[in-house]
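Summary of structural features
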Amino acid sequence: MIEVLGVKKRYRRKQVIEDVSFTANKGEITCLIGLNGTGKSTLLKGIMGLTPFDKGSVLIDGKPIDLNRVAFVADHAMFPIHFTIEQCEAFMKDFYPTFDSALFARLVEDFKLFPEDKLSELSKGTLAKANLALGIAQDPDYLLLDEPFSGIDVFSKEQIVELFSSEIMESRGVLITTHEIEDIEYLIDKAVMLNNGRIVREFDVEDVRFIHGKSIVDVMREEYGA
Amino acid sequence: MNLLKLLSWEVERVTKPFLTLVAGLIVIQFGYLGYFLWDETNFYEQLRREGNADYQLSFLNYLNGTPYLLSLGIAVAAMLLYSVWIWYRDFQGRGTFMMRLLTMPQKRMTLFFAKLATILMMTLGLFAIEWIALKLQYIAFTSWFDGKMIPMGGSFEQAISYHGMLMVMYPSSLINFVIHQLIITIAVLFIFAFVLIERSFWQRTMWSPVLSLSILVVILTIPILGYAFLSNRLIYDETIVYVGMVLVVWASVTIWLGRRFLQTKLNV
């Protein structure tokens, strides 16, 4: 389980995250929901130590974060953009002991990626798929995805959603931020709603759906008044 | 193991710019050497025609020429800039590659030492290449003037030992060479500390460059002020010990700062 405990983050005069605590379980998809600028990406980057929190802590299964067990997938390339996909793979094989080449090859084939393509030449959707393939092939217990659906075409979206419901993702914990709730609503187990850097609601999606008959978007409307 | 892999990776990234720098230096130096030989020969011929050929040239005359000094200045500037750029380039484009480097399952200091080793290898590489280039220039220099029967004074070693910059690059003793390399390493460590402090505070304040520079200026000046205060009370041996201690303190403090900011404060 990923435990985020009482974290705070300030950028200059703006308190971006204010005393946020939540958990994300293994084998479940937890979605961080919020309007733009509510601190979703900052939270993911903070968990990975890319923007250290001013206060609070993050534990993975009760221990400090182990980067062999957690992978972060950003909404942009995390390699120099003149790299080809196969160069990215070679780099990952060199530096990630858990990198699974067979799994990567399978994802490359499923996503119809061309290993010799440069990252700079990829469309946003193809880049998202390449990023995801590189992240999943790290074979992590937990996967942190920052806006994986942002600005990508409907077919790429479908392929990624299909992957989420496949056995490849079954045992992994996923913490995702997205604006495109409708596309993955039926996959999400838990939602954590943020507003102005605070958690305004945290709920089990199935409970809300079956007990209250509401979708995540309905709850969003209530909270954000949109 | 990861250190070697990262080092090889950094070296691979710098190979093209490094070779471009080397090619530039060689073109400038040999181009200037050609001009120098032609110009000096004409000058000597003119003196000889005027019956006033009491003229002696040394290799140092060439080495003190502005284009030669400029080529060394370009190399120093390029190395200083690259010491900054080796970090900043990985923050380019929404902090892309730095995100990968910082989320790799390894100690972040591995990255620090890989980048430091890259800069030091580049510096030593430049020194070695420049030494070979100097030897070749000296051979060309002596062969040309010998052929023209123009008298020359001073040896290659003398020219190096009387030249301000070359004396630092190629000191006469191994101990001095090690001390000079240590000073170069400390200079690079200061630059690294500057970048890492600045990158740690850039999201907090727009004054992060000023803040990091101030911290480093304080660290740099305290021992110098201390020396100004103590200099009259120290004998020669004690001064040497003091300077040695200051170098060790500067190296330790900058590495400690680099470690602290890289591991716990850096913002991407």
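Just so it is clear, the model here is predicted, and its values are computed rather than measured.

1. Regarding the overall build of chain B
The helix and strand tally for chain B stands at 10 helices and zero strands. Expected size for 268 residues packed as a compact globule is a radius of gyration near 18 Å; at 23 Å, chain B overshoots this value by more than 25%. The C-alpha extent of chain B, read off along each of the three principal axes, is 75 × 50 × 35 Å. In chain B, which comprises 268 residues, the proportion classed as buried is 28%. Counting only contacts in chain B whose residues sit at least 6 apart along the sequence, the fraction spanning at least 24 positions is 77%.

2. Description of the overall build of chain A
Looking only at helices and strands, one finds nine helices and 10 strands in chain A. Taking 17 Å as the expected radius of gyration for a compact globule of 226 residues, we find that chain A reaches 17 Å, a close match to that expectation. In terms of overall dimensions, chain A has a C-alpha envelope of 45 × 35 × 30 Å along the principal axes. Scored against the burial criterion, the 226 residues of chain A give a buried share of 41%.

3. Quick word on the pairing of strand β4 (residues 55-60) of chain A
Residue and element names in this part refer to chain A. Pairing geometry for strand β1 (residues 2-11) and β4, over five bridges, is antiparallel. Across the sheet, Val-4 pairs through a bridge with Val-58, a residue of β4. As paired elements, β4 and strand β5 (residues 63-64) share two bridges and run antiparallel to each other. Across the sheet, Ile-60 pairs through a bridge with Lys-63, a residue of β5. Count of turn residues in the β4/β5 antiparallel hairpin: two residues, of which Asp-61 carries a positive phi of about 50 degrees.

4. Observations concerning the sheet that holds β5 of chain A
All names here are of chain A. Read from one edge to the other, the open sheet built from four strands follows the order β2-β1-β4-β5, with strand pairing classed as antiparallel. Each end of this open sheet is capped by a strand with a single partner; those strands are β2 (14-24) and β5. Where β1 and β2 come together, seven bridges link them in antiparallel fashion. By the bridge assignment for β2, Glu-3 is matched with Thr-23. Taken strand by strand, helix α1 (residues 40-47) contacts β1, β2 and β4, and its axis lies near 115 degrees from that of β1.

5. With respect to the domain arrangement of chain B
Residue and element names in this part refer to chain B. Domain annotation for chain B reports domain 1 (1-170) and domain 2 (172-268). Taking only C-alpha atoms, the centre of domain 1 and the centre of domain 2 are 25 Å apart. Counting residues at the interface gives 19 residues for domain 1, matched by 15 residues for domain 2. Within the residue set of the side of domain 1 that touches domain 2, elements represented by two or more residues are α3 (66-88), α4 (92-102) and α5 (108-147).

6. Remarks on helix α3 (residues 101-110) of chain A
Residues and elements named next belong to chain A. Taken as a whole, α3 has its buried residues at Phe-104, Leu-107 and Val-108. Along the axis of α3, the buried positions cluster into a sector of 100 degrees, meaning they face one direction only. Within α3, the exposed residues directed more than 90 degrees away from the buried face are Ala-102 and Glu-109. The elements touched by buried residues of α3 are α2 (85-95) and α4 (124-136).

7. Focus on the interface of chain B and chain A
Quite often, the size of an interface is put as the accessible area lost when its parts meet. On the chain A side, the residues contacting the 19 residues of chain B number 22 residues. Looking at the side of chain B that touches chain A, the elements that each hand over two or more residues are α1 (2-49), α4 and α10 (236-265) of chain B. Counting residues per element, the side of chain B that touches chain A draws most heavily on α4 of chain B, which supplies seven residues. For the side of chain B that touches chain A, the class distribution of residues is six nonpolar, eight polar and five charged.

8. Regarding the packing of helix α8 (residues 174-201) of chain B against helix α9 (residues 208-230) of chain B
All names here are of chain B. Two numbers describe how α8 lies on α9: the axes approach to 8 Å, and their chain directions differ by 140 degrees. Judged by the angle between their axes, α8 and α9 are oblique. Note on packing geometry: the crossing formed by α8 with α9 is right-handed. Here Phe-190, Ala-193, Phe-194, Ile-197, Glu-198 and Phe-201 of α8 come into contact with α9, specifically with Ser-208, Pro-209, Leu-211, Ser-212, Leu-213, Ile-215 and Leu-216.

9. Description of the sheet that holds strand β8 (residues 173-177) of chain A
All names here are of chain A. Read across the open sheet, the six strands follow the order β6-β7-β8-β3-β9-β10; overall the sheet is mixed. One side of each edge strand has no neighbouring strand; the edge strands of this open sheet are β6 (70-73) and β10 (198-204). On average, each strand axis in the sheet is tilted by 15 degrees relative to the strand beside it, whichever way the strands run. In this structure, strand β7 (residues 142-146) lies alongside β8, joined through five bridges in parallel fashion.

10. Describing the confidence of the model for chain B
Residues shown with low pLDDT carry predicted positions that ought not to be read at fine detail. Per-residue confidence for chain B gives a mean pLDDT of 92; residues scoring 70 or more make up 99%. Interface confidence for the predicted complex, given as ipTM, is 0.92, next to a pTM of 0.91.

11. Overview of the nonpolar core
Inside soluble globular proteins, nonpolar side chains tend to come together where they are buried. In terms of nonpolar packing, the biggest core is built from 101 residues, with Ala-133, Leu-144 and Leu-175 of chain A together with Phe-192 of chain B touching the most fellow members. The element that contributes the greatest number of residues to this core is α8 of chain B, accounting for 12 residues. Composition of this core by domain shows at least three residues from each of domain 1 (1-170) and domain 2 (172-268) of chain B. The contacts of Phe-192 of chain B, once residues within four sequence positions are left out, are Phe-112, Leu-116 and Gly-258 of chain B.

12. Things to note about the packing of α3 of chain B against α8 of chain B
All names here are of chain B. Between α3 and α8, the least distance of the axes is 9 Å, while the angle of their chain directions is 35 degrees. Helix-helix and strand crossings are classified by hand; for α3 and α8 the assignment is right-handed. Taking contact as the criterion, the partners of Leu-80, Ser-83, Val-84, Trp-87 and Tyr-88 in α3 are, on α8, Val-188, Ile-191 and Val-195. Looking at the contact of α3 with α8 residue by residue, the class counts come to seven nonpolar, one polar and no charged.

13. Here's the deal with the environment of Val-168 of chain B
By the element assignment, Val-168 of chain B lies in helix α7 (residues 164-169). You can call Val-168 of chain B partly exposed: it has 13 C-beta atoms within 10 Å.

Criteria and cut-off values
Residues numbered from 1 in each chain as written. Chains lettered and ligands numbered in written order. Predicted model: local features only at pLDDT ≥ 70, side-chain atom pairs only at ≥ 80, totals over all residues. Helix = DSSP H or I, 4+ residues; strand = E, 2+ residues; numbered from the N terminus. Rg over C-alpha atoms; globule rule 2.2 N^0.38 Å. Buried ≥ 20, exposed ≤ 12 C-beta atoms within 10 Å, placed from the backbone. Contact = placed C-beta atoms within 7 Å. Pairing = 2+ DSSP bridges. Axes fitted to C-alpha atoms, helices over the stretch in contact; angles between N-to-C directions. Domains from an automatic or database assignment. Arc of directions from axis to C-beta. Nonpolar A, V, L, I, M, F, W, Y, C, P; charged D, E, K, R; others polar. Parallel < 35°, antiparallel > 145°, perpendicular 65-115°, else oblique. Left-handed = near helix turned anticlockwise from the far one by under 90°. pLDDT = per-residue confidence, 0-100. Core = buried A, V, L, I, M, F, W, Y, C linked by C-beta atoms within 7 Å.

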